[in-house]
Amino acid sequence: MSATIMPSADATGEARAQGQGGSLEARNLVKDFRLRSGLKVSMLHAVKDISFTVEAGRTIALVGESGSGKSTIARMLAKLEAPSSGGVFIDGAPSGSRGRALERYRSEVQMVFQDPFASLNPFHSISHHLERPIRLHHPGLGRAEVASRVEELLERVQLEPATRYLERRPHELSGGQRQRVAIARALAPGARFIIADEPVSMLDVSIRLGVLNLLAELQREAQLGVLYITHDLATARHFSDEILVMYRGDIVERGPADEVILNPQHEYTMRLLEAAADPERHGALRDEVRRAE
Ligand code: ADP
Ligand code: MG
């Protein structure tokens with residue numbers, strides 16, 4: 001992927017200077033899965049005591065090969081999965097896990113999934129997908145107000161004119177357009193934090209950058225905090241302030257994006273970078289790292 005067509009990082013810095021605060025924090029998150037095979041039960045330590053903070057107006061990339069625990073962290077942050085221990089804090093306070101506190105948390109922390117097709121309902125129109133979260137989180141709004149918010153959301157994700165998309169169903173859109181709808185839906189309840197779990201890895205290479213640029217633009221405009229999960233180091237570097245490198249449930253290296261990529265300290269990061277430079281080696285990476293241990 002060529003870096004020359006990507007946006008400059010300066011705009012991000014400018015927006016950050018106006019920062020309005022707020023943070024989403026993973027504090028000592030642990031997730032163990034109990035695995036059963038016949039009579040044997042074993043424990044899989046999918047996430048081992050992980051801590052990091054996503055601040056408003058910043059993008060943190062979580063990178064690592066498949067199976068390293070990235071999605072499990074995403075699901076715990078989105079409260080789709082309870083941690084075995086540790087907690088999730090928002091603006092420094094423990095996040096609620098039931099009732100109204102959970103509802104409020106869910107409106108503020110939204111997830112964008114890898115597969116936009118699976119995350120949208122094929123039977124519902126695009127407008128329905130966006131109306132629901134708006135109504136749920138702003139029950140006082142009238143019909144006309146909801147409709148104008150839906151159009152506004154579609155315009156924010158550059159699906160214009162909005163009227164062209166309102167009554168369509170997900171299968172009538174391209175993959176990139178569907179992911180834009182998924183992003184609009186994440187914004188609908190007024191999210192301050194977005195957890196994007198491999199948001200472009202299922203999209204055509206040619207449209208990936210457009211969707212990532214959109215996320216970056218929304219992040220700057222609205223001072224969103226973004227956790228960008230990916231195995232693509234090039235976009236992690238370009239679109240993030242900080243990179244966390246995960247390996248088998250641990251964060252083995254973290255730091256400013258350029259530093260991690262240009263001056264990696266951990267052997268696993270170096271191998272990820274080598275594999276990225278040589279795609280044919282990617283599959284063999286896990287075995288190689290294991291042998292090296
Ligand atoms: P990544 O997103 O980095 O590919 P995941 O978080 O999906 O990794 O998975 C981390 C590890 O946890 C993998 O070994 C995976 O098989 C395992 N795992 C994930 N979810 C479950 C589950 N519900 N039950 C058992 N094992 C799971
Ligand atoms: Mg995953």
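Our subject is the structure listed above.
Remember, it's a predicted structure, so these values are computed and weren't measured experimentally.

1. So, helix H5 (residues 143-156)
Phase 1 of the analysis: Relative to the 20 Å expected for 14 residues at 1.5 Å per residue, H5 spans 20 Å between its end C-alpha atoms, a close match to the ideal helical length.
Phase 2 of the analysis: In this structure, the buried residues of H5 make contact with helix H4 (126-137) and helix H6 (175-187).
Phase 3 of the analysis: Of the residues flanking the end of H5, it is Gln158, one or two places downstream, whose phi is positive at about 60 degrees.

2. With respect to the packing of aromatic side chains
Phase 1 of the analysis: Evaluated as defined, the whole model comprises 1 aromatic pair.
Phase 2 of the analysis: If you follow Arg168 out to its NZ or CZ, it ends over the ring of Tyr165, 5.1 Å from the centre.

3. A closer look at the side chain of Thr72
Phase 1 of the analysis: Inspection of the secondary structure assignment puts Thr72 in helix H2 (residues 70-77).
Phase 2 of the analysis: Judged by its relative accessible area of 8%, Thr72 falls in the buried class.

4. Remarks on empty space enclosed by the protein
Phase 1 of the analysis: According to the stated counting rule, one finds 1 cavity of 30 Å³ or more in the structure shown.
Phase 2 of the analysis: By volume, the largest cavity amounts to about 80 Å³.
Phase 3 of the analysis: If you tally residues by element for the lining of the largest cavity, the top one is helix H7 (residues 205-222), at 4 residues.
Phase 4 of the analysis: Of the residues belonging to the lining of the largest cavity, the class tally is 6 nonpolar, 2 polar and no charged.

5. Structural notes on the site of ligand 1
Phase 1 of the analysis: Surrounding ligand 1, one finds 13 residues, the nearest of these being Gly67, Gly69, Lys70, Ser71 and Thr72.
Phase 2 of the analysis: Thr72 places a side-chain nitrogen or oxygen 2.5 Å from an oxygen atom of ligand 1.
Phase 3 of the analysis: Between ligand 1 and Arg75 there is a distance of 3.4 Å, counted from a nitrogen atom to a side-chain nitrogen or oxygen.
Phase 4 of the analysis: Across the complex, the protein chains shield 64% of the 560 Å² of accessible surface that ligand 1 would expose by itself.
Phase 5 of the analysis: Broken down by secondary-structure element, the contributors of at least two residues to the shell around ligand 1 are strand S1 (23-37), strand S2 (40-55) and H2.
Phase 6 of the analysis: No other element matches the 4 residues that H2 contributes to the shell around ligand 1.
Phase 7 of the analysis: Of the residues assigned to the shell around ligand 1, the class counts are 4 nonpolar, 6 polar and 3 charged.

The rules behind the values
Residues numbered from 1 in each chain as written. Chains lettered and ligands numbered in written order. Predicted model: local features only at pLDDT ≥ 70, side-chain atom pairs only at ≥ 80, totals over all residues. Heavy atoms only, no water. Helix = DSSP H or I, 4+ residues; strand = E, 2+ residues; numbered from the N terminus. Expected span 1.5 Å × (residues − 1). Contact = heavy atoms within 4.5 Å. Phe/Tyr/Trp six-rings, centres within 6.5 Å; stacked < 30°, edge-to-face > 60°. Lys NZ or Arg CZ within 6 Å of the ring centre and 35° of its normal. Buried < 20%, exposed > 50% of the residue type's maximum accessible area, 1.4 Å probe, protein only. 1 Å grid on protein atoms, 1.4 Å probe; cavity = no way out; pocket = protein on both sides within 12 Å on 5 of 7 lines; lining within 4 Å. Points joined across faces, edges and corners; volume = space filled by probe spheres on them. Nonpolar A, V, L, I, M, F, W, Y, C, P; charged D, E, K, R; others polar. Near = heavy atom within 4 Å. Polar contact = N/O pair within 3.5 Å; in protein donor to acceptor, adjacent residues only side chain to side chain. Areas by Shrake-Rupley, 256 points an atom, 1.4 Å probe, with all protein chains shown as cover.

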